[in-house]
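A closer look at the structure
Here are the chains, one letter per residue:
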Amino acid sequence: MSPALPRHRAWVGDLVKDEDGRLAIVTDVVAGAVWILRPADVLLSDQWITTDPDSLSVLETRAQRAASR
């Protein structure tokens with residue numbers, strides 16, 4: 001994994017770490033106000049939300065994840 005990218009706001013497909021230290025994938029952003037997250041290592045699982053995107057640390061962008069496959 002790459003180090004966190006400075007000042008990149010999390011977006012759909014990004015691998016992030018939330019404020020509780022959980023690794024997650026951003027699955028959707030609703031109206032630019034609600035970020036929907038799911039665990040990074042499970043495709044079908046419970047999801048959770050945040051309304052504070054600055055609490056998410058981007059570890060890899062969607063483009064970086066796609067390039068590494």
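Residues numbered from 1 in each chain as written. Predicted model: local features only at pLDDT ≥ 70, side-chain atom pairs only at ≥ 80, totals over all residues. Heavy atoms only, no water.

What follows deals with the packing of aromatic side chains. Tallying each qualifying case throughout the model produces one aromatic pair. If you follow Arg 22 out to its NZ or CZ, it ends over the ring of Trp 48, 4.1 Å from the centre. (Phe/Tyr/Trp six-rings, centres within 6.5 Å; stacked < 30°, edge-to-face > 60°. Lys NZ or Arg CZ within 6 Å of the ring centre and 35° of its normal.)

A word on unusual backbone geometry. Positive phi values are uncommon outside glycine, yet Ala 31 reaches one of about 55 degrees. Examined against the element boundaries, Ala 31 turns out to sit in the loop between β2 (23–30) and β3 (34–39). You can call Ala 31 exposed: its relative accessible area is 77%. (Helix = DSSP H or I, 4+ residues; strand = E, 2+ residues; numbered from the N terminus. Buried < 20%, exposed > 50% of the residue type's maximum accessible area, 1.4 Å probe, protein only.)

Sheet strands associate in pairs through backbone hydrogen bonding, adopting either a parallel or an antiparallel arrangement. With antiparallel pairing, five strands are arranged side by side in an open sheet as β4-β3-β2-β1-β5. The open sheet is flanked by β4 (48–50) and β5 (57–60), the only strands paired with a single partner. Taking each pair of neighbouring strands and ignoring which way they run, the sheet shows an average axis angle of 45 degrees. With three bridges connecting them, β3 and β4 associate as antiparallel partners. (Pairing = 2+ DSSP bridges. Axes fitted to C-alpha atoms, helices over the stretch in contact; angles between N-to-C directions.)

These values are about where atoms sit, not about what they do.
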